[in-house]
Amino acid sequence: MSTEFNERLSDSLGHQAQIWIVGTREQVNHIISEMYVKQMITDRGQFSLLVPAPFAQGKFMSVLLR
């Protein structure tokens, strides 16, 4: 990742671990749904909104917010 992207990352989560999902829109949505069905998460709303990945053209990303 570029320095510019690292500077844009929020430090508001402190020392909490993060799970990032990067892929096509369909892949990201499928993985989020799969995690919900397998009860790894209790609500799909725990993930950030789907946004274009700044480091991978044509890919999208979502971050698990705990």
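Residues numbered from 1 in each chain as written. Predicted model: local features only at pLDDT ≥ 70, side-chain atom pairs only at ≥ 80, totals over all residues. Heavy atoms only, no water.

What follows deals with the sheet that holds strand E1 (residues 19-23). One open sheet accounts for three strands, arranged E1-E3-E2; its pairing is antiparallel. Where the open sheet ends on each side, the last strands, each with one partner, are E1 and strand E2 (51-52). As judged from the five bridges shared by E1 and strand E3 (residues 60-64), these two strands associate in the antiparallel manner. Each bridged residue has a counterpart across the sheet, and for Gly23 the counterpart in E3 is Phe60. Sitting on the sheet, helix H2 (residues 25-37) is in contact with E1 and E3, with an inclination near 140° to E1. (Pairing = 2+ DSSP bridges. Helix = DSSP H or I, 4+ residues; strand = E, 2+ residues; numbered from the N terminus. Contact = heavy atoms within 4.5 Å. Axes fitted to C-alpha atoms, helices over the stretch in contact; angles between N-to-C directions.)

The next subject is the side chain of Ser62. When you line up the elements, Ser62 lands in strand E3. With relative accessibility at 1%, the residue Ser62 sits in the buried group. From its side chain, Ser62 meets the backbone oxygen of Ser48 in a polar contact 2.8 Å long. Beyond its immediate stretch of four places on either side in the chain, Ser62 contacts Ile19, Trp20, Ile21, Val28, Ile32, Phe47, Ser48, Leu49 and Leu50. (Buried < 20%, exposed > 50% of the residue type's maximum accessible area, 1.4 Å probe, protein only. Polar contact = N/O pair within 3.5 Å; in protein donor to acceptor, adjacent residues only side chain to side chain.)

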